[in-house]
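Each chain, written out:
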Amino acid sequence: MPPRSYDEECMKVAIDEARNAYLNGCMPFGAVLADENGNIIVRAQNGSAASARRGGTGDVTLHAEMELVREACRVLDREGREKCTLYTSTEPCVMCAGAIYWSGVSRVVYGCSSMQLEANLSGPGGFDIDIRLLYGPYSREGTRDIEVVGPLLEEEALIAHADSGIWPKCREYLEKNNANWKAVAAQDDIQVEKSLRISGLGSAPAVDDAIVPIIDIRGLEAEVMEKLWQAATNVGFFVVTGHGIPQNVIDDAFAESSNFFSQSVEDKKEQSPFAANLNSGYEYMSQIRPSTGLADRKESIQITAREGCMDGRWPNDAFKSASTALMEAAHSLACKILDLLEPRALPHEIERGSLSKSHTLWSDDGQCTLRFLHYPPAPRADIIRLREDGHWRAGAHTDWANVTLLFQRAEDKGLECCANPRVVAESKDYRWVEVNPVEWGITVNIGDMLARWSDGRLYSNLHRVRMPKDAELDPPRSRFSIAFFAQSDKKTLIKSQDSEPITAGDYIMSRVRSNFEANFKYP
Ligand SMILES: O=C(O)CCC(=O)C(=O)O
Ligand SMILES: [Fe+2]
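A brief look at the structure comes next. (Residues numbered from 1 in each chain as written. Chains lettered and ligands numbered in written order. Predicted model: local features only at pLDDT ≥ 70, side-chain atom pairs only at ≥ 80, totals over all residues. Heavy atoms only, no water.)

### Description of the site of ligand 1
And then number 1: Arg 371, Leu 373, Tyr 375, His 397, Asp 399, Leu 406, Leu 415, His 463, Val 465, Arg 479, Ser 481 and Phe 485 make up every residue found near ligand 1.
And then number 2: One of the side-chain nitrogen or oxygen atoms of Tyr 375 is found 2.5 Å away from an oxygen atom of ligand 1.
And then number 3: Take Asp 399: an N or O atom from its side chain is 3.1 Å from an oxygen atom of ligand 1.
And then number 4: Burial of ligand 1 by the surrounding chains reaches 97%, relative to a free accessible area of 290 Å². (Near = heavy atom within 4 Å. Polar contact = N/O pair within 3.5 Å; in protein donor to acceptor, adjacent residues only side chain to side chain. Areas by Shrake-Rupley, 256 points an atom, 1.4 Å probe, with all protein chains shown as cover.)

Shown next as structure tokens:
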């Protein structure tokens, strides 16, 4: 049967739902129901994995199509359902095919075929067949005919499967077939960090020649813009003063941070369980940097400002109110800086202000993250041994964000950025410069998302947090910092001349995965 004019549009939404499913920790399957004019009436995602992992019932029937049929029966009568088409990102299994049959829908369109599912995703052992054997041209005598269209947009459907990271065979298949696999795009940035391991990055000590400019952003707009541009394109790091964030908002957040981290690891885990797929919650020495292959000597609690991410993950009310206040203030400042950088950074973005507008707080699509960091103290002998074994408080990395705002306490040194960026990529002669706290200043750095979006005009510089020096070992001291990562909303398309387009959601997920691989467990 021929596709209809709106079939592709509806299929794209079903594939989107598949992506949302895996971002929510479930298997990557999605489905939608549309009326005869292509208006989407119901959307559904797979919910199986989440229910098992979050201590639910482990219900294995929560396939996207089952969820969709259940909801369709609630919102439409039989007559209404008969006029509808069901779109599913992957050809239904036998269980779902049955439910679809009983629902009365007259048409099914699928993305990825059962044949592909078996050949390049799950392997044999599923309960999937060509649904035309059940309904459509080969249906058994007496059963109702259901029109079947598919595969449709199969490559897009496969890419969503590959991006989910749960089907290694699918990656291999797409790599071999040179398909436009978007997750590969972010691999370039991960490669930069990995390559440092080979080049002996850790050994060069930091030099003291300040190259990180301090910019008072209260000045004339044109002048401020020029200074920010020079800093963002040459060093990728700068300190802003005159930013307007009240000191008590910052102090309150640090006070709550210190309260939270003073508890036992078990208590912290219980109060804010880590969810890698939501980039939220508390982790303890589990972020493995591609540059070192070792876990950072730190603990952190990540607050991702997206609806639902922090449900059951706020340690207490005081922490919540201090961190949302700082999130709000940091977000406004980040938007201001992005607005000032945008005209030259993204000349191809037509609508001015679209960069900062792509950072919504607490929407269902938001990705901005506030991260409280604590680098625990340790006895002298331990630190010396760890240093010798190549450990870092934070191994060299670039940030994933558009921009990062870093709040440092006056007494905490240790952050270093690459002193000779732009040159170093070829020479491998790494030099490092200290990025120390500046009174009333907030450190800002460009991240990979904006570097990619601007085709490298803005520079995402490597940085790291060193272990304490000998003179800093007695008494053993903590280091605290707070980072705000301004990251575009999940659906934002990062489109530039030199790189494959990728959504900001896929971009962040592939970076989270490269750092927290061990935390992704699928059934
Ligand atoms: O703690 C710091 O100073 C830096 C933290 C950092 O670079 C990060 O979390 O990305
Ligand atoms: Fe960083």
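### Things to note about the coordination of the iron ion (ligand 2)
And then number 1: For the iron ion (ligand 2), every protein donor is listed as His 397 (NE2), Asp 399 (OD) and His 463 (NE2), and the spread of their distances is 2.1 to 2.2 Å.
And then number 2: Binding-site remark: the iron ion (ligand 2) is held by donors from one chain whose sequence spacing is H-x1-D-x63-H. A residue pair is termed long-range when its members are at least 10 positions apart, and His 397 in strand E12 (residues 394-397) and His 463 in strand E17 (residues 463-465) qualify at 66 residues.
And then number 3: Given the relative accessible area of 7%, His 397 is considered buried. (Donors = N, O, S within 2.8 Å, 3.2 Å for Na, K, Ca; no water. Helix = DSSP H or I, 4+ residues; strand = E, 2+ residues; numbered from the N terminus. Buried < 20%, exposed > 50% of the residue type's maximum accessible area, 1.4 Å probe, protein only.)

### A word on the pairing of strand E18 (residues 479-486)
And then number 1: Along E18, eight of the eight residues are buried, which leaves the element largely enclosed by surrounding structure.
And then number 2: Of the two faces of E18, the one holding Arg 479, Ser 481, Ala 483 and Phe 485 and the one holding Phe 480, Ile 482, Phe 484 and Ala 486 are both buried throughout.
And then number 3: Bridging between strand E11 (residues 369-375) and E18 involves seven bridges; their strand directions are antiparallel. Residue Leu 373 lies in a different strand from E18, and its bridge partner there is Ser 481.
And then number 4: As paired elements, strand E13 (residues 403-408) and E18 share six bridges and run antiparallel to each other. The partner of Val 403 across the bridge, within E18, is Ala 486. (Pairing = 2+ DSSP bridges.)

### Regarding the pattern of salt bridges
And then number 1: Using the criterion set out here, one finds 23 salt bridges in the structure.
And then number 2: One salt bridge connects Glu 82 with Arg 78, and the closest N-O pair in it is separated by 3.1 Å. Remark: Arg 78 and Glu 82 occur in helix H4 (residues 78-82); sequence separation between them is four residues, near one turn of the helix.
And then number 3: What emerges from the salt-bridge pattern is a single network uniting Arg 4, Asp 7, Arg 107 and Glu 147. (Salt bridge = Lys/Arg side-chain N within 4 Å of Asp/Glu carboxyl O.)

### Some remarks on the side chain of Gln 116
And then number 1: Tracing the sequence through the fold places Gln 116 in helix H6 (residues 114-121).
And then number 2: Setting aside chain neighbours within four positions, we find Gln 116 in contact with Leu 121, Glu 154, Leu 158 and Tyr 173. (Contact = heavy atoms within 4.5 Å.)

### Quick notes on the nonpolar core
And then number 1: Formed by 61 residues in total, the largest nonpolar core has its most connected members in Phe 238, Phe 372, Val 403, Leu 405, Phe 407 and Phe 484.
And then number 2: It is helix H13 (residues 317-345) that contributes the most residues to this core, 12 residues altogether.
And then number 3: Those residues within four positions of Phe 484 in sequence are excluded, and the remaining contacts are Met 327, Ala 330, His 331, Ala 334, Cys 368, Thr 369, Leu 370, Val 403, Thr 404 and Leu 405.
And then number 4: Residues Cys 93, Tyr 135, Ile 159 and Trp 167 belong to the second largest nonpolar core, which totals 52 residues. (Core = buried A, V, L, I, M, F, W, Y, C linked by side-chain atoms within 4.5 Å.)

### A closer look at the sheet that holds strand E8 (residues 237-241)
For sheets, the rule is that strands pair by backbone hydrogen bonds, running either parallel or antiparallel.
And then number 1: Read across the open sheet, the eight strands follow the order E7-E8-E16-E13-E18-E11-E10-E9; overall the sheet is mixed. Of all the strands in the sheet, the pair left with one neighbour each is strand E7 (214-216) and strand E9 (281-284). Looking at each pair of strands side by side, their axes are set apart by 25 degrees on average, direction ignored.
And then number 2: Taken strand by strand, helix H11 (residues 247-261) contacts E9, strand E10 (299-304), E11, E13 and E18, and its axis lies near 120 degrees from that of E18. (Axes fitted to C-alpha atoms, helices over the stretch in contact; angles between N-to-C directions.)

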